[in-house]
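# Summary of structural features
Residue-level listing of the chains:
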Amino acid sequence: MTAHGLDGVRVVEMGQMVAAPWVAKLLGDLGAEVIKVEPPAGDRARRRGPYRSTDASADQMGGFFAAINTNKRSVVADLNDPDGRSVLQQLLADADLFVHDLAGRASADLGLTAEALRVRHPSLVTLAVTPFGQSGPYADWRAEELQIVHGGGWGWLAPGCVAGAELPPLKPYGHQAAFQSGFAAACAGLAAVDRALRTGRGEHIDFAQMSYVVGMLEAAFISWSYREENPSRLGARILNPWGIFPASDGHIFLVCVEADQWERLKDFMGRPEWADMDIFDTLEGRFENEDLLRMWLGEWIAAQPVMELFHRGQAQRLAFAPVNTVAQMAADPHLAARGFLVTYDQPGLGDITVPGAPSRLTNSWWSIRRPAPSPGEHNGESFAAADPATATRPAPAPALSAAASDRPLDGVTVADFTWVWAGPYCTLHLAHLGATVIKVESATRPDLGRRLPTQSAHHEPTLDTNGYFNQYGQGKKSITIDMGTAGGRALAKRLALECDLVVSNYATGVMDGWGLGYEALAAERPDVIVGAVSGYGHHGPYRTYMGYGPTTGPLSGLASMTGYPGDAAEELGVSLGDPAAGIATAYGLVAALVARRRTGEGQFVDTAMWEATTVCTAEGWMEWVLTGRQPSPMGNLDPLWSPHNLYRCAGDDDWVAICCVDEDEWASLAGAVGIDPGDERFAAAADRKTNEAELDKLIGAWTRERDQWDVTELLQAVGVPAFPSLSARSIEADPHLAARGLVERLDHPAVGQMSHVGIPWLLTDGANGVRAPAPTIGQHTHEVLADVLGLTPAEIAALEASGALR
């Protein structure tokens, strides 16, 4: 058995801050050999802190950098110098994957375009992870996390249920867009490496972070495209009760997704008179009377201790979740039982405890084998000599023909036992990469995604006209199997054993009850690869607890760090646990597939939404570990950089995100706004942070008289990161996203050419664009049974007669 699943995969990373470094860390944590190429000044994340002491020296490593750069070596190379460029090219000659964050013009200036790299390194996969992608009108614009979150539409939705428009759209704490983009980019990059190792054909992947954020907006985009509703941070939620409530000793989150959960909650509370009022009997009634429901429910919750309510409520299958701090997670028995937290020695910082693997693996490849490096610690080093036992490096590829173009996972089959969002989000990305995804569903209990209140306003509602399902079902096939019948379960097992990957996100125990759990499948096929997404994972004392995507913001500590300055914890605007766990599982499955091709081993990828979200809290987590301080909500501000905020513009609820991360950007902004460069209040970065409120007033007065796009274009022209906070309506019409083909309008059998969010990356060698619209229910049943399982028409007819194909 190989010690690490990605042993022998060689990665060169050249990135700043989070997205590209996170890609490389994910690969390194599973065994890949990673060399980080840094400029003489080093990665900017090195200077972010937090530090063990307040009098940190200039060369002390910051905790944030340490947390996201383990399992790497560091080589310093000045790419403005021929010797530095030679160092990089020598490393690339031996690499399988080159991950960088250079925009189009910067890539061209350094001779690192797709064309130039293909000539010199034909089997190399290059993964460019940039804010807007390397093509399109915004390709060379500057952006930080603030602009990506707001430009991608996430900020427009956060925190949700705000009473008035005077509070701006909100950035969730930390660098959540960068972490999520990093997961997806790692998944795409590793899939392309798998193809390159088998064929000798390299690839160039142009990954746009803004586009990726647009694709994780839950129901926001399709609410606009299907219903002409433009969701925002304002108003009430359709599902109620839903929200964070003060309890006697902290805060707790509660959501009731289906009607039976509301009934169980009433029983749990002892059936108070108000709860049985007719106005709360229906989904519509609870929505229309959300203020009364929240008031009376809040009064009841206020008297309860958080953890007692959490455990007692979960025993009744109610989705309560504590609003955790980092300290509470560090002491949690469930995370301890799963071995989620790991401690390692980081030179300069000592022993530090950090979140571990995003998924728990049966064959445990994940480990921290090397602490984060100091700058240039490994100058002069190169990749290790290949181990003959694992070496799979191909000869240089011949010239490619048009017929050779395909997607990285073409030929891979996926048995998809998922529903709603987390699981379908996982398999959507596998489909985007070329896998044949076979959605197993039943008309006897349809996917909740087909039943949510997101039906097309332009069509008679059916199970095939729901925008939610049609968004996350793109590129898949549908087969109906009634799992309530013995024949259906036997057929489903046969399909699972035939496919390359099996994915589910039903409640813990459901797949086992059907005879489709990992152990049952592995008994018949030892190399089976299974991915399972759940709220708390399939191991540990909370494994049977009910978890939805919205519960993981509170559980992970992100909610306690997110909100407006001086206010209490807030939600994140989207149910982050769903896409976070979905894309982490997709990455784990691709890694398992790469390993199986070389070792013949199977894998169980057990993803807890709680853990997949918590690994993205590195900045807040390290603040507590190194200083003992729990980060407080700070709105759109940044711990170090100023200005860094959202500013109101002319127009109705129009805002623009502006920040400066270095002195050149600040000088350009001051000149554009008309701020005196000699004003001592803003002379240095520390001064600007100290006098941030005054600075924000000056900038806000300037933007308030201007259109948000005029501000954006003026500032981008002088090199200042700026971008509007966009809604779904604005996103659909955005010219940059149109130029990159992000919005897909394929012809669907039931709804025609409705707008959906497509693929956030562009391939140079492989095909681009979504291959097919979401399937109608059971659309491919006969096709799959014949082509995948080899059943005859008579055998299919017999299954239909038995009721197994409903």
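Residues numbered from 1 in each chain as written. Predicted model: local features only at pLDDT ≥ 70, side-chain atom pairs only at ≥ 80, totals over all residues. Heavy atoms only, no water.

### Examining the overall build of the protein chain
Tallying secondary structure elements over the protein chain gives 34 helices and 24 strands in all. Taken against the 2.2 N^0.38 rule, which gives 28 Å for 806 residues, the C-alpha radius of gyration of the protein chain at 26 Å falls within 12% of a compact globule. Expressed along its principal axes, the backbone C-alpha trace of the protein chain runs to roughly 80 × 70 × 50 Å. Relative to its full complement of 806 residues, the protein chain shows a buried share of 62%. Nonlocal contacts in the protein chain, meaning residues at least 24 apart in sequence, comprise 77% of its contacts between residues at least 6 apart. (Helix = DSSP H or I, 4+ residues; strand = E, 2+ residues; numbered from the N terminus. Rg over C-alpha atoms; globule rule 2.2 N^0.38 Å. Buried < 20%, exposed > 50% of the residue type's maximum accessible area, 1.4 Å probe, protein only. Contact = heavy atoms within 4.5 Å.)

### Some remarks on the pairing of strand β19 (residues 644-648)
Of all five residues making up β19, four are buried, and the element is well covered by its neighbours. Relative to strand β20 (residues 655-659), β19 runs antiparallel, the two being bridged by five bridges. Looking at β20, one finds that Asn645 is bridged to Ile658. With antiparallel pairing between neighbouring strands as the criterion, β19 and β20 make up a hairpin whose turn holds six residues, including Gly651 at a positive phi of roughly 110°. (Pairing = 2+ DSSP bridges.)

### Some details on the packing of aromatic side chains
Summed over the entire model, instances satisfying the criterion amount to 34 aromatic pairs. Between the NZ or CZ atom of Arg233 and the centre of the ring of Trp156, over which it lies, the distance is 5.7 Å. The aromatic ring of Trp224 is capped on one face by Arg729, whose charged end is 5.6 Å from the ring centroid. (Phe/Tyr/Trp six-rings, centres within 6.5 Å; stacked < 30°, edge-to-face > 60°. Lys NZ or Arg CZ within 6 Å of the ring centre and 35° of its normal.)

### Observations concerning the nonpolar core
Among the nonpolar cores identified, the biggest contains 218 residues, and Leu6, Leu265, Phe320, Phe417 and Leu430 are the most heavily contacted of them. Here this core gets 15 residues from one element, more than from any other, and that element is helix α8 (residues 176-199). When near neighbours in sequence (up to four residues on either side) are disregarded, Phe320 contacts Ile252, Phe253, Leu254, Leu265, Phe268, Ile301, Leu309, Phe310, Gly313, Gln314 and Tyr536. (Core = buried A, V, L, I, M, F, W, Y, C linked by side-chain atoms within 4.5 Å.)

### Here we look at the layout of surface pockets
In this model, the second largest pocket occupies a volume close to 1,400 Å³. As for the second largest pocket, its lining consists of 49 residues, and the residues nearest its centre are Gln16, Arg44, Asp101, Leu102 and Ala103. If you list the elements that add at least two residues to the lining of the second largest pocket, you get α1 (19-29), β2 (33-38), α4 (104-109), β5 (125-130), α6 (145-151) and α27 (663-673). Here the lining of the second largest pocket is built from residues that sort into 26 nonpolar, nine polar and 14 charged. (1 Å grid on protein atoms, 1.4 Å probe; cavity = no way out; pocket = protein on both sides within 12 Å on 5 of 7 lines; lining within 4 Å. Points joined across faces, edges and corners; volume = space filled by probe spheres on them. Nonpolar A, V, L, I, M, F, W, Y, C, P; charged D, E, K, R; others polar.)

### Here's the deal with empty space enclosed by the protein
A probe as big as a water molecule, rolled over the atoms, marks out the empty space that is left. For the structure on display, the rule yields eleven cavities of 30 Å³ or more. Of the voids in this model, the largest cavity is the one considered here, and its volume is about 170 Å³. Trp22, Lys25, Ala67, Val354 and Pro355 are the residues nearest the centre of the largest cavity, which is lined by 20 residues in total. The biggest single contributor to the lining of the largest cavity is α1, with four residues.

### Quick look at the packing of helix α17 (residues 422-432) against helix α24 (residues 577-599)
Where α17 meets α24, the axes come as close as 7 Å, and the angle between the chain directions of the two elements is 45°. Considering the angle they form, α17 stands oblique to α24. Crossing of α17 against α24: the hand is right-handed. Facing α17, whose interface residues are Ala422, Tyr425, Cys426, His429 and Leu430, α24 presents Asp578, Pro579, Gly582, Ile583, Thr585, Ala586, Leu589 and Val590. Tallied by class, residues from the contact of α17 with α24 come to nine nonpolar, three polar and one charged. (Axes fitted to C-alpha atoms, helices over the stretch in contact; angles between N-to-C directions. Parallel < 35°, antiparallel > 145°, perpendicular 65-115°, else oblique. Left-handed = near helix turned anticlockwise from the far one by under 90°.)

### Things to note about the state of the cysteines
Within this structure, the stated rule accounts for zero disulfides. With no disulfide of its own, Cys256 lies closest to Cys161 among cysteine sulfurs, the gap being 15 Å. As a non-bridged cysteine, Cys659 has Cys660 as the owner of its nearest cysteine sulfur, 6.7 Å distant. (Disulfide = S-S within 2.5 Å.)

### Describing the pattern of salt bridges
When the charged atoms of two side chains lie near each other, side chains of opposite charge can form a pair. Within this structure, the stated rule accounts for 49 salt bridges. With a closest N to O distance of 3.5 Å, Arg237 and Glu571 form a salt bridge. Taken together, the residues Arg237 in the loop between α10 (220-227) and β7 (242-247) and Glu571 in the loop between α23 (558-561) and α24 connect sequence positions 334 residues apart. Each of the two residues, Arg237 as well as Glu571, counts as buried. Here Arg338 ties to Asp606 by a salt bridge, and the two come within 3.1 Å at their closest N and O atoms. Remark: Asp606 occurs in strand β18 (residues 603-608) and Arg338 occurs in the loop between α16 (333-337) and β10 (341-346); sequence separation between them is 268 residues. Summarising the burial analysis for this pair, Arg338 and Asp606 share the class buried. Within this structure, Arg195, Arg201, Glu203, Asp406 and Asp765 form a network of salt bridges that share partners. (Salt bridge = Lys/Arg side-chain N within 4 Å of Asp/Glu carboxyl O.)

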